[in-house]
Amino acid sequence: MRVVHVIDDLGLGGAQRQLGELLKAAPRGDLHLEVISLSTCKVACAPVLQGAGIPVTCIAQAGRWSWTTLFKLWKALRRARPDIVHTWLFTASLYGRLAAWLAGVPVILSAIRSVEPDKPAHYVAADRLLRCVTDAYTVNAKAVSEMLMTRERVDPRKVHTVYNGVDLGTFDPARVDGEMRQSLGIDAGATVIGIVGRLAPVKDHATFLRAAATVSPSAPTARFLIVGSGPLEEALGRLVRELRIEPQVSFVSDRTN
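Worth saying up front: this structure is predicted, and the values here are computed from it rather than measured.

Novice: What should I look at first to understand the packing of helix α8 (residues 205–215) against helix α9 (residues 233–243) in this one?
Specialist: When two helices pack together, their arrangement is given by the angle between the helix axes and the distance between those axes. As a packed pair, α8 and α9 sit with axes 10 Å apart at the nearest point and diverge in direction by 20°. Between α8 and α9, the angle falls in the class roughly parallel. Handedness of the α8/α9 crossing: right-handed. Packed against α8, whose contacting residues are His 205, Ala 206, Leu 209, Arg 210 and Ala 213, the element α9 presents Leu 236, Leu 239, Val 240 and Leu 243 at the interface.

Novice: Mind showing me how you'd approach the environment of Gln 16 here?
Specialist: Looking at the element boundaries, Gln 16 is found in helix α1 (residues 14–25). Put simply, Gln 16 and Val 166 are 150 residues apart on the chain and 13 Å apart in space, counted from C-alpha to C-alpha. Leave out the neighbours within four places in its chain, and Gln 16 touches Ile 7, Asp 9, Leu 10, Gly 11, Cys 45 and Leu 89.

Novice: What is the right way to read the nonpolar core from this model?
Specialist: Nonpolar side chains tend to gather and get buried jointly when the protein is soluble and globular. Grouped together as the largest cluster of nonpolar side chains are 19 residues, with contacts concentrated most on Ile 7, Leu 10, Leu 23, Val 35 and Leu 49. Residue assignment for this core shows that the elements contributing at least two residues are β1 (2–7), α1, β2 (32–37), α2 (46–51), β4 (84–88) and β5 (107–112). Core analysis: the second largest hydrophobic core is formed by 18 residues, Val 6, Leu 73, Tyr 95 and Ala 103 among them.

Novice: Whenever I open this one, helix α6 (residues 142–150) confuses me. Can you help?
Specialist: Owing to its 3.6 residues per turn, the α-helix aligns residues three or four sequence positions apart on the same side. Here α6 has its buried residues at Val 144, Ser 145, Met 147 and Leu 148. Buried residues along α6 cover an arc of 160° about the axis, so they all sit on one side. Exposed residues on α6 whose side chains face more than 90 degrees from its buried face are Lys 142 and Thr 150. Turning to α6, the residues buried within the fold contact β5, β6 (136–139) and β7 (159–161).

Novice: Sorry, what's going on with the side chain of Gln 61 here?
Specialist: Mapped onto the elements of the fold, Gln 61 is located in the loop between β3 (56–58) and α3 (67–80). Polar side-chain contacts of Gln 61 include one of 2.9 Å to the backbone oxygen of Arg 64. Separated by 3.2 Å, the side chains of Gln 61 and Tyr 95 make a polar contact. Not counting residues within four places of it along the chain, the set of residues in contact with Gln 61 comprises Leu 38, Thr 69, Thr 91 and Tyr 95.

Rules behind the numbers
- Residues numbered from 1 in each chain as written.
- Predicted model: local features only at pLDDT ≥ 70, side-chain atom pairs only at ≥ 80, totals over all residues.
- Heavy atoms only, no water.
- Axes fitted to C-alpha atoms, helices over the stretch in contact; angles between N-to-C directions.
- Helix = DSSP H or I, 4+ residues; strand = E, 2+ residues; numbered from the N terminus.
- Parallel < 35°, antiparallel > 145°, perpendicular 65-115°, else oblique.
- Left-handed = near helix turned anticlockwise from the far one by under 90°.
- Contact = heavy atoms within 4.5 Å.
- Core = buried A, V, L, I, M, F, W, Y, C linked by side-chain atoms within 4.5 Å.
- Buried < 20%, exposed > 50% of the residue type's maximum accessible area, 1.4 Å probe, protein only.
- Arc of directions from axis to C-beta.
- Polar contact = N/O pair within 3.5 Å; in protein donor to acceptor, adjacent residues only side chain to side chain.

So this is what it looks like as structure tokens:
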């Protein structure tokens, strides 16, 4: 069986991490896996896939609708001749499902990773139109499945929940050398609470910071880490100052460890 996964990009992100975890753990044998990314710039996760023996193809996509991108993706799928195409994130789901349908791929799947409360109306309309060529949807939470059935009007029988998985073998709870704390200037005995994700409204870092302000009077040695980057960095910095919790909050840029 040949399966091609199509994703917006292979930069640092939750969907990219989950795709990598899924493919590294997938049984091989008669299962042939490939990944097509619609970005030639965001490729941080590509070496992980390639290291696992999974071919990666990158096709440029500039953000606006591109017939060239659709044609290149269609050609790539015709060349790969997959039994299944599984798309991840909106842009890849738009181009990927259309290209897979035009290429005559037998089974087309779409992975939906967020409830996207701010999703533009024309995006919703596009997803509704593509329901007719989508055989099934995979979601990572019950809330996402409920959104699909209400806003996108997807048949409940097509929605399958597959929760996010983590390879626990990469974590060693017995190893506590203090190196990470030292690099972040955190005392050895301090309680550390973190949130990892892009700094965007849907992640709701503001609630995390207000919770930190509630906790800090009774836990003055606690440290709160915000790991990630995004458009709300300045706004969240102002909120930290307004809540007067600057000494306990640290912003940590994108990292993989």
